[in-house]
Amino acid sequence: MAAYESKQKIGPKRQVVGAHYGLRDWLLQRLTAVIMAVYTVILVVWFFGASNFSYDGWAGIFALQWMKLATFVALLSLFYHAWIGVRDIWMDYVKPMGLRITLHTLTILWLVGCAAYAAQILWRV
């Protein structure tokens with residue numbers, strides 16, 4: 001009987017393998033969504049409270065250091081949110097390991113490039 005139970009690998013003796021992304025990434029994706037939602041509310045309130053609807057008025061919003069920081073945090077949240085989603089797509093639908101790793105690498109490079117470009121734009125204003 002004991003030999004039969006050890007072969008079953010059910011319960012506490014079960015070997016769990018894999019990347020273990022599940023709950024942590026689900027929570028992080030929800031957190032990034034909340035950050036983006038809060039930022040959107042701030043931006044909408046600021047927009048409807050504005051009186052100068054020109055380029056100077058729009059640039060004036062992002063001239064404030066706290067708004068640059070809030071925007072950058074929202075963008076980083078967007079990029080991480082996108083990374084989790086795209087990574088899951090690659091893991092679910094791209095079976096050849098070499099192609100999947102290549103797509104992961106290209107996706108990371110693209111998102112890091114977008115973050116660097118966003119920082120350059122924000123701190124240029």
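Up top you'll find the structure we're talking about.
Residues numbered from 1 in each chain as written. Predicted model: local features only at pLDDT ≥ 70, side-chain atom pairs only at ≥ 80, totals over all residues. Heavy atoms only, no water.

Asker: Please explain the packing of aromatic side chains as it appears in this structure.
Answerer: For any pair of aromatic rings, geometry is given as the distance between the ring centres together with the angle between the planes. One pass over the full model with this rule turns up 6 aromatic pairs. Judged by centre distance (5.5 Å) and plane angle (55°), the rings of Trp46 and Trp66 are tilted. One end of the pair, Trp46, is in helix 2 (residues 22–49); the other, Trp66, is in helix 4 (residues 65–93), and 20 residues separate them in sequence. Among the residues examined, Trp66 registers a relative accessible area of 45% and is labelled partly exposed. (Phe/Tyr/Trp six-rings, centres within 6.5 Å; stacked < 30°, edge-to-face > 60°. Helix = DSSP H or I, 4+ residues; strand = E, 2+ residues; numbered from the N terminus. Buried < 20%, exposed > 50% of the residue type's maximum accessible area, 1.4 Å probe, protein only.)

Asker: Would you mind going over helix 2 with me for this structure?
Answerer: Counting along an α-helix, one turn takes 3.6 residues, and residues three or four places apart therefore face a common direction. With 28 residues, helix 2 should reach 40 Å at 1.5 Å per residue; the first-to-last C-alpha distance of 41 Å fits that figure. The complete set of buried residues in helix 2 reads Asp25, Gln29, Thr32, Met36 and Tyr39. The inward-facing, buried residues of helix 2 abut helix 3 (55–63) and helix 4. (Expected span 1.5 Å × (residues − 1). Contact = heavy atoms within 4.5 Å.)

Asker: Looking at this structure, how should I read the pattern of salt bridges?
Answerer: A side chain with one charge can pair with a side chain of the opposite charge if their charged atoms come near. By the definition in use, this model includes 3 salt bridges. Salt-bridge contacts for Asp25 lead to Arg87; the nearest nitrogen and oxygen are separated by 2.7 Å. Here Arg87 lies in helix 4 and Asp25 lies in helix 2, a separation of 62 residues in the sequence. Like Arg87, Asp25 is buried. Here Asp88 and Arg87 are joined by a salt bridge, their closest N and O atoms 3.0 Å apart. By relative accessible area, which is 4% here, Arg87 ends up buried. Counted as one network, the salt bridges with shared partners bring together Arg24, Asp25, Arg87 and Asp88. (Salt bridge = Lys/Arg side-chain N within 4 Å of Asp/Glu carboxyl O.)

Asker: Help me understand a nonpolar patch on the surface in this model?
Answerer: Taken together, the side chains of Val34, Val38, Ile42, Leu64 and Trp66 make up a nonpolar region of the molecular surface, amounting to roughly 420 Å² of accessible area. Looking at the nonpolar patch, the element that brings in the most residues is helix 2, giving 3 residues. Given the relative accessible area of 32%, Leu64 is considered partly exposed. (Patch = residues over 30% accessible without salt bridge, like charges linked within 9 Å, V, L, I, M, F, W, Y side chains within 5 Å. Areas by Shrake-Rupley, 256 points an atom, 1.4 Å probe, with all protein chains shown as cover.)

Asker: I would appreciate a short explanation of the environment of Phe72 in the present structure.
Answerer: Relative to the assigned elements, Phe72 resides in helix 4. Sequence spacing of Phe72 and Ala115 is 43 residues, and the spatial spacing of their C-alpha atoms is 8.2 Å. Residues in contact with Phe72, not counting those within four places in the same chain, are Ala115, Ala119, Leu122 and Trp123.

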